[in-house]
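The lines below spell out each chain.
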Amino acid sequence: MRVALICTDKAGALQTRLDTRAAHLAHIEDSGVVEMAGPFLNTEGQMTGSLVVLNVDTLAEAQAWAEADPYAKAGLFESVQIAEWKKVIG
């Protein structure tokens, strides 16, 4: 199943994102379940959140992936929404 993680950064947390970006990208690479991912941007082009699409067997596996994300461990996110997602186009 595909699962979308929609993550919103805490206000003023850009430095936390930058400081943990390499570990976050390694988590994506090492897990082998990320189909696509990228940051949300504000009008100034600064990263303000993340969209991550996982290919996993269960929502519990997606939750575990999200909890193990270095961004989450660093306290970057104000909120994380996890929902099953159906790819239709692309």
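- Per an unreviewed UniProt entry, the protein is named YciI family protein, and its organism is Cereibacter changlensis.
- A UniProt comment under Sequence similarities (unreviewed entry) is attached to the protein, and it reads "Belongs to the YciI family."

## What to know about the overall build of the protein
Step number 1: Across its full length, the protein holds three helices and four strands.
Step number 2: When its helices and strands are written in sequence order, the protein yields β-α-β-β-α-α-β.
Step number 3: Its C-alpha atoms give the protein a radius of gyration of 13 Å, within 12% of the compact-globule value 12 Å for 90 residues.
Step number 4: Dimensions of the protein, computed from the C-alpha atoms along their principal axes, are close to 35 × 25 × 20 Å.
Step number 5: In the protein, which comprises 90 residues, the proportion classed as buried is 30%.
Step number 6: Excluding contacts between residues fewer than 6 apart, the proportion of contacts in the protein whose partners are at least 24 apart in sequence is 68%.
Step number 7: For the protein, the accessible area works out to roughly 5400 Å², and carbon and sulfur atoms hold 53% of it.
Step number 8: Taken as two groups, the 7 positive and 12 negative side-chain charges of the protein have centres that lie 4 Å from each other.

## Considerations on the nonpolar core
Here is a general trend for soluble globular proteins: nonpolar side chains tend to be buried in one another's company.
Step number 1: Counting 15 residues, the largest nonpolar core has Leu5, Leu54, Val56 and Trp65 as its most contacted members.
Step number 2: Only β1 (2-9), β3 (47-55) and α2 (59-68) provide two or more residues apiece to this core.
Step number 3: Contacts of Leu54, omitting those with residues within four sequence positions, involve Met1, Arg2, Val3, Leu5, Val33, Val34, Ala62 and Trp65.

## Some points on the pairing of strand β2 (residues 34-41)
Step number 1: One ladder, built from seven bridges, connects β2 with β3; its direction is antiparallel. Across the sheet, residue Pro39 finds its bridge partner in β3, namely Ser50.
Step number 2: Linking β2 to β3, which pair antiparallel, is a turn of five residues; within it Gly45 sits at a positive phi near 85°.

## Some details on the packing of aromatic side chains
Step number 1: Tallied over the entire structure, the rule returns one aromatic pair.
Step number 2: Relative to Phe77, the ring of Tyr71 has its centre 6.0 Å away and its plane inclined at 85°; by these criteria the two rings are edge-to-face.
Step number 3: Judged by its relative accessible area of 0%, Tyr71 falls in the buried class.

## Here's the deal with the pattern of salt bridges
Step number 1: In total, this model carries two salt bridges according to the counting rule given.
Step number 2: The closest approach of N and O atoms between Glu35 and Arg2, which form a salt bridge, is 2.6 Å. Of the two residues, Glu35 is situated in strand β2 and Arg2 in strand β1; the sequence distance between them amounts to 33 residues.
Step number 3: For Arg2, a relative accessible area of 26% puts it in the partly exposed group.

## Observations regarding the UniProt feature "domain: YCII-related" (unreviewed entry) in the protein
Step number 1: In this structure's numbering, the residues bearing the UniProt feature "domain: YCII-related" (unreviewed entry) are residues 1-86.
Step number 2: In this annotation, residues 1-86 is assigned 37% helix and 38% strand; the end-to-end C-alpha distance for the span is 8 Å.

How each quantity is defined
Residues numbered from 1 in each chain as written. Predicted model: local features only at pLDDT ≥ 70, side-chain atom pairs only at ≥ 80, totals over all residues. Heavy atoms only, no water. UniProt positions renumbered as here; feature names shortened; annotations may be inferred. Helix = DSSP H or I, 4+ residues; strand = E, 2+ residues; numbered from the N terminus. Rg over C-alpha atoms; globule rule 2.2 N^0.38 Å. Buried < 20%, exposed > 50% of the residue type's maximum accessible area, 1.4 Å probe, protein only. Contact = heavy atoms within 4.5 Å. Areas by Shrake-Rupley, 256 points an atom, 1.4 Å probe, with all protein chains shown as cover. Lys, Arg positive; Asp, Glu negative; His and termini not counted. Charge placed at Lys NZ, Arg CZ, Asp CG, Glu CD. Core = buried A, V, L, I, M, F, W, Y, C linked by side-chain atoms within 4.5 Å. Pairing = 2+ DSSP bridges. Phe/Tyr/Trp six-rings, centres within 6.5 Å; stacked < 30°, edge-to-face > 60°. Salt bridge = Lys/Arg side-chain N within 4 Å of Asp/Glu carboxyl O.

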